[in-house]
Each structure stands twice: as C-alpha cells, then as structure tokens.
Amino acid sequence: MEKIILTGDRPTGRLHIGHYVGSLRRRVELQNSGEYDKIFIMIADAQALTDNFENPEKVRQNIIEVALDYLSCGLDPAKSNLFIQSQISELTELTFFYSDLVTVSRLQRNPTVKSEIKMRNFEASIPVGFFTYPISQAADITAFKATTVPAGEDQLPMIEQTREIVRKFNSIYDEVLVEPEALLPDNEACMRLPGTDGKQKMSKSLGNCIYLADTEEEVKKKVMGMYTDPLHIRKEDPGHIEGNCVFTYLDAFCRLEHFEEYLPEYHNLDELKEHYQRGGLGDVKIKKFLNNIMQEELAPIRVRRAEFEKDIPAVYEILKKGSEAAREVAAQTLSEVKRAMKINYFEDEELIRAQSAKYASEGK
Ligand code: TRP
C-alpha cells in the first residue's frame, strides 16, 4: 500500500513555534526522508471559517502567511503538495455523504469539539458547520487516502472519528476508504509547548507566542522575558524545572551539540537541570542559552521567508498548482465513493440495461 501523508492548519494567524515543534519540523523531516509516496499539506480555510465566518478577511489574509511559513520551514512544493481546502469542492461532497454515518451524540462526545464549544462560549448557539467539522476533517483525510496524519495530540479525537467513519463506510458500502494513523511528536515537550508566560497554550490573544516570522530582536526579548520559577528568586535558591518554560523549551529544542557550542561547561540537559534544582544557576544564563539555540533554529527559516516574500505571486501560483493536483486526487476518491454508494447512475450501463430489461418484460 502507498504511504500517504495528509495534514494541515487553519489559517487564522501566522504559525508559531508551537506549530513548529508540534508538527511542522516533523513534516519537513518526513518529506525529506523519502519514505512517503505522496504528501498533501492543506491550508484549512473552510474549516477556519466554521468559527470565523464573520471574519472572512482574516482567513483570506492568513492564507499567504501560512503558505510563507510552510515554505520557509522547508516544505518543498516539488515534494509536498501544498493546497487550499476550499478550492477542492469534492471535499464538501464527501462531507455531505459521510454525515449520514455520524450521529449527533457522537459529535457531542468528541473531546475536541466539546472543549472548543466551551472555550468559545458557543453553548446552544453552535454553528452547524462548526459542530460537524470533524466530519469535514474525515473528508480531508480520506479524500487523499492518507495513511498517516502528522498532528498534535489535540487532533487525536478527529483522527479517531475519521477511523470510525472509514470503518462504517467500508463495511456498509465497499472497501474504498483507508484508515489513517496519527503520527504524534515523539517528545512530550513538543506535544504541548506552553506560552512564554507559562500558560498551557500558546495563543495569539494571550500574546504569549513566538512566531516563526519574528525578528531576531523579538525572539530575544520574548525569551529573556519568559516565565521561569517564581520561587527561584536569588541565584543560590534551588529552582524548579516543572512548569518552567525555559526548561520545557529546552526539552523541545536543545540538542547535545548545542552544549559544546554555547554552554561547554555542561555536557547535557540533565546536568543543567540538576544544577538549577540544586541552586546556583541563574535564569539569565539559561535564557541566554535558550536564545542562542532558538536563534540558530529560526534564522534559516527567517532568511528563507524573506526570499519567498519577494515573490508573492509565485507563492499563490504554488498553491494554485497544488490545489489543481489535489483536486484530481479527491475527484478520483469521490467517484469511487459514489460508485460504492450506488449513486453513479449515468456511468453504470449495467443498471440502465437491467432497468430496461425489467420494463421490457413488464410491458409484455
Ligand atoms: N484541525 C486542524 C487544526 O486545527 C486543521 C485540519 C483540518 C487538519 N483538516 C485536517 C489537520 C486534516 C489534519 C488532517 O489545525
């Protein structure tokens, strides 16, 4: 069986380093591993509109931001198909057909939907489109017969729901759809990178994100202002690692060679953590270390972004080409789905012949 990746992001803002360690960095590695036959990376504008329908301009503006973030991280249109969800109308048809296979109570039990409804205070006024977005996400994944969905932990309920739809479809109609597997970050810190203020989630409205497009100075300022351990007041005090952003970020970004390069008096992160916990290691020192690492990781991304920003029409062209190619694949799946659901009347000569025979014999 072919190995196929599909994943994507909602274009509601620039991508930040939470997206980066949680998924983007991995996608680029997977792309360059050569182990996958096809890779589809989708800008999920239609999904973004399910809870931003009053703000179409925001979604429209952020398509290019996300595309620039993709390209600058190293997603290569020669190897990965970058496309825009709304341009693939086959996805909405699939969503409609899959809706028959999902109950309202099952959607209500989807933990991601549940928590997002709470977060947005939707309660009784949930837009139907938002409520059913797990079904549309199943369409996104299955249209490309994806075997692998690299994503953050928060997407697990979506992938589980997709698997259920696939099993139900295949058992009722025909073995057309492929059950996808989630591919999670391999490191706990990458799974849920907190905001720079120590809050659980990075979010634009909290102003606690480091963006991929941030300048060197912005990154430095955010790192040096990071939340650490409120009990670690003087350098001599014993410090805490748990809930300390700097250490969580180091867990996500730091590699052994960074010590040789920027902090040769320690061999590895465990040594650094031990010293901090023992007391005698100041916050400024660990923040400077983290800043060096982050700058090293982000600088090439920033440079590539600046290059792509010089030719925006070319970026739109990449998305257009990608969308055209993606559409062909989705159309093929849709036609198989329709055949399995017996709604392919005009291409089914056997049906027309059988019906004529029936009426011919009744007429006698
Ligand atoms: N829900 C994803 C997010 O919030 C975006 C998305 C839409 C997606 N369709 C997808 C991710 C299919 C993986 C697979 O970022």
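Residues numbered from 1 in each chain as written. Predicted model: local features only at pLDDT ≥ 70, side-chain atom pairs only at ≥ 80, totals over all residues. Heavy atoms only, no water.

### Digging into the nonpolar core
Then, number 1: Of all hydrophobic cores here, the largest spans 59 residues; its most connected members are Ile17, Leu250, Leu272 and Met294.
Then, number 2: Ranked by residue count, the leading element in this core is helix α3 (residues 56-73), at 8 residues.
Then, number 3: Apart from the residues within four sequence positions on either side, Leu272 is in contact with Phe247, Leu250, Phe259, Leu263, Tyr266, Leu281, Ile286 and Phe289.
Then, number 4: Counting residues in hydrophobic clusters, the runner-up holds 42 residues, among them Leu107, Ile117, Ala138 and Leu177. (Core = buried A, V, L, I, M, F, W, Y, C linked by side-chain atoms within 4.5 Å. Buried < 20%, exposed > 50% of the residue type's maximum accessible area, 1.4 Å probe, protein only. Helix = DSSP H or I, 4+ residues; strand = E, 2+ residues; numbered from the N terminus. Contact = heavy atoms within 4.5 Å.)

### Looking at the site of the ligand
Then, number 1: The environment of the ligand is made up of 13 residues, and the closest members are Met42, Gln47, Gln137, Asp140 and Gln155.
Then, number 2: At 3.2 Å from an oxygen atom of the ligand is found a side-chain nitrogen or oxygen belonging to Arg10.
Then, number 3: Here Gln155 contributes a side-chain N or O atom positioned 3.1 Å from a nitrogen atom of the ligand.
Then, number 4: Coverage of the ligand by the protein amounts to 90% of the 370 Å² it exposes when considered alone.
Then, number 5: Among the secondary structure elements, those contributing two or more residues to the shell around the ligand are β1 (4-9) and α8 (133-143).
Then, number 6: Counting residues per element, the shell around the ligand draws most heavily on β1, which supplies 4 residues.
Then, number 7: A class-by-class count of the residues in the shell around the ligand yields 5 nonpolar, 5 polar and 3 charged. (Near = heavy atom within 4 Å. Polar contact = N/O pair within 3.5 Å; in protein donor to acceptor, adjacent residues only side chain to side chain. Areas by Shrake-Rupley, 256 points an atom, 1.4 Å probe, with all protein chains shown as cover. Nonpolar A, V, L, I, M, F, W, Y, C, P; charged D, E, K, R; others polar.)

### Points about the packing of aromatic side chains
Then, number 1: For the structure shown, the criterion picks out 10 aromatic pairs.
Then, number 2: Centroid distance Phe40 to Phe144: 4.6 Å. Interplanar angle 35°. Geometry classified as tilted. You can see Phe40 sitting in strand β2 (residues 38-43) and its partner Phe144 sitting in the loop between α8 and β4 (148-150), a full 104 residues away along the chain.
Then, number 3: Its relative accessible area of 1% is what places Phe144 among the buried residues.
Then, number 4: Taken together, the aromatic side chains of Phe40, Phe83 and Phe144 make up a single cluster linked through ring pairs.
Then, number 5: A cation sits over an aromatic face here: Arg10 above Tyr133, 4.7 Å from the ring centre.
Then, number 6: Here the guanidinium or amino end of Arg25 rests over the ring plane of Phe253, the centre of that ring lying 5.7 Å away. (Phe/Tyr/Trp six-rings, centres within 6.5 Å; stacked < 30°, edge-to-face > 60°. Lys NZ or Arg CZ within 6 Å of the ring centre and 35° of its normal.)

### Structural notes on the environment of Leu184
Then, number 1: Relative to the assigned elements, Leu184 resides in the loop between β5 (181-183) and α10 (188-191).
Then, number 2: When its relative accessible area of 25% is taken as the criterion, Leu184 is described as partly exposed.
Then, number 3: When the C-alpha atoms of Leu184 and Arg26 are compared, they prove to be 9.3 Å apart, with 158 residues separating the residues in sequence.
Then, number 4: The contacts of Leu184, once residues within four sequence positions are left out, are Arg26, Ala151, Gly152, Glu153, Leu156 and Met191.

### Regarding the pattern of salt bridges
Then, number 1: Applying the stated rule across the entire model yields 33 salt bridges.
Then, number 2: Here Lys3 makes a salt bridge to Glu35, at a shortest N to O gap of 3.5 Å. Here the residue Lys3 occupies a position in the segment before β1, and Glu35 occupies one in the loop between α1 (17-33) and β2, the gap between them amounting to 32 residues.
Then, number 3: Taking the relative accessible area as the measure of exposure, Lys3 reaches 33% and is therefore partly exposed.
Then, number 4: Across the salt bridge formed by Asp197 and Lys199, the nearest N and O atoms sit 3.7 Å from each other.
Then, number 5: By relative accessible area, Asp197 is classed as partly exposed at 28%.
Then, number 6: Judged by relative accessible area, which is 45%, Lys199 ranks as partly exposed.
Then, number 7: Three or more residues joined by partner-sharing salt bridges are found here, namely Arg14, Glu65, Asp69, Arg305 and Glu309. (Salt bridge = Lys/Arg side-chain N within 4 Å of Asp/Glu carboxyl O.)

### Observations concerning the side chain of Lys273
Then, number 1: As for its placement among the helices and strands, Lys273 is situated in helix α14 (residues 269-278).
Then, number 2: With relative accessibility at 16%, the residue Lys273 sits in the buried group.
Then, number 3: Among residues more than four places away in sequence, those in contact with Lys273 are Ile241, Phe247 and Asp251.

### Some remarks on the pairing of β2
Then, number 1: β2 sits mainly inside the fold: 5 of its 6 residues count as buried.
Then, number 2: Sheet analysis places β1 next to β2, joined by 6 bridges and oriented parallel. Bridge assignment links Ile4 to a residue of β2, and that residue is Lys38.
Then, number 3: Inspection of the sheet shows β2 paired to strand β3 (residues 81-84) by 4 bridges, in the parallel sense. Note on β3: the bridge partner recorded for Ile43 is Ile84. (Pairing = 2+ DSSP bridges.)

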